[in-house]
Protein chains: 2
Amino acid sequence: MALLSLLTPFLAVILCLVAGFVLLKSRGTGTTLTSTDKTNTTSKVDFKPWVDQDLQDNTEITAKEDESDDWDGSHEEEGLAHVPYSPQRYPEKTMLERSRDFYSVMNQRRSVRFISPEPVPREVIDNVIHTAGTAPSGAHTEPWTFVVVSAPDMKHKIRLIVEEEEEMNYRQRMGDKWVQDLAKLKTNWIKDYLDIAPYLILIFKQTFGILPNGKKKTHYYNEISVSISCGILLAALQNVGLVTVTSTPLNCGPQLRLLLQRPANEKLLMLLPVGFPASDATVPDLNRKPVTDIAVYI
Amino acid sequence: MALLSLLTPFLAVILCLVAGFVLLKSRGTGTTLTSTDKTNTTSKVDFKPWVDQDLQDNTEITAKEDESDDWDGSHEEEGLAHVPYSPQRYPEKTMLERSRDFYSVMNQRRSVRFISPEPVPREVIDNVIHTAGTAPSGAHTEPWTFVVVSAPDMKHKIRLIVEEEEEMNYRQRMGDKWVQDLAKLKTNWIKDYLDIAPYLILIFKQTFGILPNGKKKTHYYNEISVSISCGILLAALQNVGLVTVTSTPLNCGPQLRLLLQRPANEKLLMLLPVGFPASDATVPDLNRKPVTDIAVYI
């Protein structure tokens, strides 16, 4: 007993160190929060009303080790009938032409912030959304919702939410660079294309689904799946001569979700203003990496 | 002092509780690890050599609040010249036709696991990779590397690594469903298409870049950017009549990265076997959601 009471101080010190170390460690993981999580943290601090529902955002769920890694129904395959598959086949010459033509069309794509107000045929937008919906998805969950906004008042409400957050972001930036030209910065948080573009496409990822029995259905790889779908959507837009700028509005997700009355299992992944380019549209003079910098052949 | 030595046992007990609680807490966060992180955790347990380099995987970095949210160079815009942009414009009738045609081509896409060994023109694959490289990316970082494997011995090494992990996954699955038909399961972890397909495209995301001064350059939204690029790649393959199956090999990333001699800032995101469909190819009899389930118009 004497020995014990003699040792306990040392024991206490060791435990202090252990507790301190583990605390630090668990703090460390906090730095890998996703932007959506950040939103919630930020918003939480500001006591904003919509946060509670969104606190449970699990941005990306990857398959558990007992899940297959092939996409599009390999999970359900055992239960599903298989049907023959013989898609269109092109002669070699045609393949080469089609691969060159598609590259030259896609290589003209640029992120464009100067969008014309002129109307775009609704059927074209419908076909573009249909096309995005052909993307593969983890376990064929199709975890995407495309909200297509053309109503001027709704577009303006979206603009106000996005610009408010953007201005906060830029003013924070001003904090450390106070000498910067305010006017120049201003052009960065003013997004009039959100009013001008005939369509805004807001792409939501469904972080989980709801089963008939009301239980949650995990959507594995939902963010990757929806991003792949967005890539196909960008190809479909470029294919018809429409432009957009890929944006991932910071911190606006929960507010826009509520504005658009989307359920809490849906998180905003991207916002794409869509239309024809303005006649005086310009783009930053960027180059793409040469193929030798992006491809390795073995 | 007497008081202290009297209190220390209680102090020790309290610290035990604190340490225990925090340990549990940090375990808890472990369940939200990404598959790559899982890999490392798993591998760490098995004392595998390649883990240390990969422990620092930050799968997805979203922009800090002082970053702009527009993609493709909006960060650098202030420093970059702007050039006029006037892409191809199609008459309305042509737009409608192109949108319908592209949808009908993409709507024929399926994930195909039965791939023909017949050769595919190398130039077609080159153009497909070029096309994938036209994707937008956060701050124009172009954080992708496409490793195109056609060498039979390398394809076989990749197959061995993937099947080893897959078999482990399925055997774990067997654990709870021991009555299941082993033969049926076996077909799930045997991936002979990894030997048979003329090309394997392994898509790596660069989680960070290296600046000229040797410092790390953060690649914001790298996983979303590379997934968008993968969507454009899938469109390019479908456009020329080639097939693939989107797969995200579980736990194999670090081994495949070392096998293919990719640096530690690159993490495997997807593995796509590419070729013509086998003459007797079948696909699970899946349907896609009707557009009314994926689109909302406001």
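The preceding data block contains the structure.
Bear in mind that the values here come from a model prediction, so they are computed numbers and not experimental data. (Residues numbered from 1 in each chain as written. Chains lettered and ligands numbered in written order. Predicted model: local features only at pLDDT ≥ 70, side-chain atom pairs only at ≥ 80, totals over all residues. Heavy atoms only, no water.)

(A) Structural view of the sheet that holds strand S3 (residues 199-206) of chain A. Pairing within the open sheet is mixed, and its 4 strands lie in the order S6(A)-S3(A)-S2(A)-S8(B). Two strands bound the open sheet, and with one partner strand each, they are strand S6 (266-274) of chain A together with strand S8 (295-297) of chain B. Within the sheet, the average angular offset between the axes of one strand and its neighbour, ignoring direction, is 20°. In this sheet, S3 of chain A lies alongside strand S2 (residues 144-149) of chain A in antiparallel orientation, the contact comprising 6 bridges. Across the sheet, residue tryptophan 144 of chain A finds its bridge partner in S3 of chain A, namely lysine 205 of chain A. (Pairing = 2+ DSSP bridges. Helix = DSSP H or I, 4+ residues; strand = E, 2+ residues; numbered from the N terminus. Axes fitted to C-alpha atoms, helices over the stretch in contact; angles between N-to-C directions.)

(B) Main features of the environment of tyrosine 90 of chain A. Positionally, tyrosine 90 of chain A belongs in the loop between strand S1 (82-84) and helix H4 (92-107). Sequence spacing of tyrosine 90 of chain A and methionine 270 of chain A is 180 residues, and the spatial spacing of their C-alpha atoms is 35 Å. Residues within four places of tyrosine 90 of chain A in sequence aside, it is in contact with Met95 and Arg98 of chain A together with Asn239, Val240 and Gly241 of chain B. For tyrosine 90 of chain A, the side chain forms a polar contact with the side chain of arginine 98 of chain A, separated by 3.4 Å. (Contact = heavy atoms within 4.5 Å. Polar contact = N/O pair within 3.5 Å; in protein donor to acceptor, adjacent residues only side chain to side chain.)

(C) Region of the structure containing the pattern of salt bridges. All names here are of chain A. Per the stated rule, a full pass over the model turns up 18 salt bridges over all chains. Lysine 93 serves as the salt-bridge partner of glutamate 97, at 2.8 Å between the closest nitrogen and oxygen. Pair noted here: glutamate 97 and lysine 93 are both in helix H4, with a separation of 4 residues, about one helical turn. On the basis of relative accessibility, which here comes to 60%, the residue lysine 93 falls in the exposed class. Salt-bridge contacts for glutamate 223 lead to lysine 205; the nearest nitrogen and oxygen are separated by 3.7 Å. Here the residue glutamate 223 occupies a position in helix H9 (residues 222-239), and lysine 205 occupies one in strand S3, the gap between them amounting to 18 residues. (Salt bridge = Lys/Arg side-chain N within 4 Å of Asp/Glu carboxyl O. Buried < 20%, exposed > 50% of the residue type's maximum accessible area, 1.4 Å probe, protein only.)

(D) Just the pairing of S6 of chain A, in detail. All names here are of chain A. Taken across its 9 residues, S6 has 9 buried, putting it largely inside the fold. Relative to S6, S3 runs antiparallel, the two being bridged by 8 bridges. Each residue of the ladder has a partner; that of lysine 205, found in S6, is lysine 267.

(E) Molecular detail of helix H4 (residues 92-107) of chain B. Spanning 16 residues, H4 of chain B covers 22 Å between terminal C-alpha atoms, matching the ideal 22 Å at 1.5 Å per step. Elements in contact with the buried residues of H4 of chain B: H4, helix H5 (122-132) and H9 of chain A together with helix H9 (222-239) of chain B. (Expected span 1.5 Å × (residues − 1).)

(F) Region of interest: the sheet that holds strand S6 (residues 266-274) of chain B. A sheet is described by the order of its strands in space; here 4 strands give the open sequence S8(A)-S2(B)-S3(B)-S6(B), paired in mixed fashion. Of all strands in the sheet, those with a lone pairing partner are strand S8 (295-297) of chain A together with S6 of chain B, marking the two edges. Averaged over all neighbouring strand pairs, the angle between strand axes comes to 20°, with direction disregarded.

(G) Inspection of unusual backbone geometry at higher detail. Residue and element names in this part refer to chain A. One non-glycine residue, glutamate 142, lies in positive phi territory at about 45°. Here glutamate 142 is to be found in the loop between H5 and S2. Here tyrosine 221, not a glycine, exhibits a phi torsion of approximately 55°, which is positive. Turning to its location among the elements, tyrosine 221 is positioned in the loop between strand S5 (216-218) and H9.

(H) The arrangement of the side chain of serine 247 of chain A in detail. Residue and element names in this part refer to chain A. Positionally, serine 247 belongs in the loop between H9 and helix H10 (253-259). A relative accessible area of 5% means that serine 247 is categorised as buried. A distance of 2.8 Å separates a polar atom in the side chain of serine 247 from the backbone oxygen of leucine 271.

(I) A look at the packing of aromatic side chains. Following the criterion strictly, the structure yields 1 aromatic pair over all chains and no others. For the cation-ring pair, arginine 89 of chain A lies above phenylalanine 276 of chain B, with the distance from its terminal atom to the ring centre recorded as 3.7 Å. Seen from the ring of phenylalanine 208 of chain A, lysine 216 of chain A lies directly overhead, with NZ or CZ sitting 4.3 Å from the centre. (Phe/Tyr/Trp six-rings, centres within 6.5 Å; stacked < 30°, edge-to-face > 60°. Lys NZ or Arg CZ within 6 Å of the ring centre and 35° of its normal.)

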